[in-house]
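Structure at a glance
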Amino acid sequence: MERKEYPCPQCGRIKYYDGLCWGCKAQNERQQIADMSQEELQSRINALLDKIKTADDLDDDFEDQFSKLARYRNIDTSEFARIAFNNGIYFPCGLYKDAPEQIVKGLCEMLLRDDLDSFLANQILLCAAVAGARPQMRQTVYDTFVTLHKEPRAWRSKLHVDPCSYAPYGGWTYDKDFNMMEVVYPQCWSLVKGTAQDKANSPVTIISETAPEEHCSRCGARLFEIIRIDGRDPRLAFLKIDGVLSIKGCMSCLYWDDGYFTGYDLQGNSWPLTEYEQDPNCECTISEDDYQKMAANTWVLGPESASLRWHADWDMGSSIGGYAFWVQDVDIKTCPKCGKPMKYLAQIQWDTVEEFAEGYGYIEICPDCQVACVIHQQT
């Protein structure tokens, strides 16, 4: 039996159920929270504070409501952190975004204990990392993480990664020589749907057509320009890209790679860092017709910046800078040239450019070595 197609009444996207698509539902809820009056916002905050005062554990509904207020209105979480710490609550980690100094020191003191339960250690590492996003808290958290890295406590044997892998949840980390570094950019810009003319004038485009002769050496598929950023646009000065960054890649193969690495210059050129031999078992999964449909997308740079965590949620679309929505765990790659952590640059929600695609693509760069990496994650 053939399924009936339903266009979304708001955006026109085809789906197989009636009503708004998930993306438009999420967009509408986000806008509703953004437009909320200060009185209504404070009422919601007070209700959540009342709940956390009496709860031994927080349910999914609390996490959902709290996280959306934190992302879309960047609410001050200092009172949440005080109550959560006193009640022994360490999830969600965003509760500690604005934790007072004494609370942050308390988290760090707990991490330095040998008898800390490994499950709690995992949660507290995330809380401390998020608190360390603020410059005034960074040194305290960094010093603790480095101590734990050099002198692991007993609970470390039951965790899979070192503290440096938790730090990026707060937008920072450190390299193999313990040099502290930022792994997110200090602004976030949405990509929005425009017109073909808007796309021609936009300093950012995604999933665009390349020359007909540009093909993947492994599967033979035609390459896409996955992202193009003209960093000379004044709105993008925070990226410190003094030229045109273009990342090309194979949309049939990058789904299967643990990071699709390319080199780039600032004249709009890019090239794969691994030259693959043709593989008869690798199949090109994108027809020429689908290629043209995908390349005809009109996503462009939005008119104004958003809060740093605006896009760190399901179905929040594509963006430049700020924090990503990681479907799985945060995955900051190591530059294959210098060995330092790379920096998260952008995310692309695949189903906004390829119908029924799953997951997100994340673009990271090492500006010093001019190396880029595209990472795919899905459920």
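Notes on the structure follow.

Rules used in this analysis
- Residues numbered from 1 in each chain as written.
- Predicted model: local features only at pLDDT ≥ 70, side-chain atom pairs only at ≥ 80, totals over all residues.
- Heavy atoms only, no water.
- Core = buried A, V, L, I, M, F, W, Y, C linked by side-chain atoms within 4.5 Å.
- Buried < 20%, exposed > 50% of the residue type's maximum accessible area, 1.4 Å probe, protein only.
- Helix = DSSP H or I, 4+ residues; strand = E, 2+ residues; numbered from the N terminus.
- Contact = heavy atoms within 4.5 Å.
- Patch = residues over 30% accessible without salt bridge, like charges linked within 9 Å, V, L, I, M, F, W, Y side chains within 5 Å.
- Areas by Shrake-Rupley, 256 points an atom, 1.4 Å probe, with all protein chains shown as cover.
- Salt bridge = Lys/Arg side-chain N within 4 Å of Asp/Glu carboxyl O.
- Lys, Arg positive; Asp, Glu negative; His and termini not counted.
- Charge placed at Lys NZ, Arg CZ, Asp CG, Glu CD.
- Pairing = 2+ DSSP bridges.
- Axes fitted to C-alpha atoms, helices over the stretch in contact; angles between N-to-C directions.
- Phe/Tyr/Trp six-rings, centres within 6.5 Å; stacked < 30°, edge-to-face > 60°.
- Lys NZ or Arg CZ within 6 Å of the ring centre and 35° of its normal.
- Left-handed = near helix turned anticlockwise from the far one by under 90°.
- Nonpolar A, V, L, I, M, F, W, Y, C, P; charged D, E, K, R; others polar.

**Here's the deal with the nonpolar core**
- With 55 residues, the main nonpolar core has Phe80, Leu95, Tyr96, Leu111 and Phe145 as its most contacted residues.
- Every element with two or more residues in this core is listed here: helix H1 (22-34), helix H2 (38-54), helix H3 (60-73), helix H4 (78-86), helix H5 (101-111), helix H6 (118-131), helix H7 (135-150) and strand E3 (172-174).
- The element best represented in this core is H6, accounting for 8 residues.
- Beyond its immediate chain neighbours, meaning those up to four positions away, phenylalanine 145 contacts Leu111, Leu125, Ala128, Ala129, Pro163, Tyr166, Ala167, Trp172 and Tyr174.
- Ranked by size, the runner-up nonpolar core spans 43 residues in total, among them Leu236, Ile247, Met251 and Ile320.

**Focus: a negative patch on the surface**
- A surface patch of like charges, here negative, comprises Glu2, Glu5, Asp290 and Glu355.
- Glutamate 5 sits in the partly exposed class, given a relative accessible area of 47%.

**Observations concerning the sheet that holds strand E12 (residues 319-321)**
- A sheet is described by the order of its strands in space; here 8 strands give the open sequence E10-E9-E15-E14-E13-E12-E5-E11, paired in antiparallel fashion. Each edge of the sheet is formed by a strand with only one pairing partner; in this case those strands are strand E10 (270-272) and strand E11 (299-306). Between one strand axis and the next, the sheet turns by 25° as a mean value, whatever way the strands run.
- Bridge count between strand E5 (residues 188-193) and E11: 5 bridges; the pairing is antiparallel. The residue bridging lysine 193 from the neighbouring strand is tryptophan 299, located in E11.

**As for the packing of aromatic side chains**
- The tally for this structure, following the rule as stated, stands at 16 aromatic pairs.
- Through a chain of ring-to-ring contacts, three or more aromatic side chains come together here, namely Trp314, Phe325, Trp326, Tyr344, Tyr360 and Tyr362.
- The ring of tryptophan 22 is capped by lysine 25, whose NZ or CZ atom sits 4.6 Å from the centre of that ring.
- Lying over the aromatic face of tyrosine 323, arginine 309 brings its terminal NZ or CZ to 4.2 Å of the ring centre.

**Here we look at the sheet that holds strand E6 (residues 204-209)**
- Spatial ordering of the open sheet is given by E6-E7-E8, a layout of 3 strands whose pairing is antiparallel. The open sheet has two edge strands with one neighbour each: E6 and strand E8 (244-249). Shown here is a sheet whose adjacent strand axes are inclined to one another by a mean of 20°, direction ignored.
- Pairing of E6 with strand E7 (residues 224-230), which is carried by 5 bridges, proceeds in the antiparallel orientation. Within E7, the residue paired with glutamate 209 across the bridge is phenylalanine 224.
- Each of E6 and E7 touches helix H9 (residues 288-295); the most contacted strand, E6, lies at about 165° to it.

**Digging into the pairing of strand E9 (residues 260-264)**
- Most of E9 is tucked away, with 4 of its 5 residues classed as buried.
- Bridging between E9 and strand E15 (residues 371-377) involves 4 bridges; their strand directions are antiparallel. Of the residues in E15, the one forming a bridge with glycine 263 is valine 371.
- Taken together, the 3 bridges between E9 and E10 define a ladder with antiparallel strand orientation. Opposite tyrosine 264, over in E10, you have serine 270 as the bridge partner.

**So, the packing of H4 against H5**
- In contact at an axis separation of 10 Å, H4 and H5 are set at 35° when each is read in the N-to-C sense. Handedness of the crossing formed by H4 with H5: left-handed. On H5, the residues touching Ala81, Arg82 and Phe85 of H4 are Ile103, Gly106, Leu107 and Met110.
- For the contact of H4 with H5, the per-class residue count stands at 5 nonpolar, 1 polar and 1 charged.

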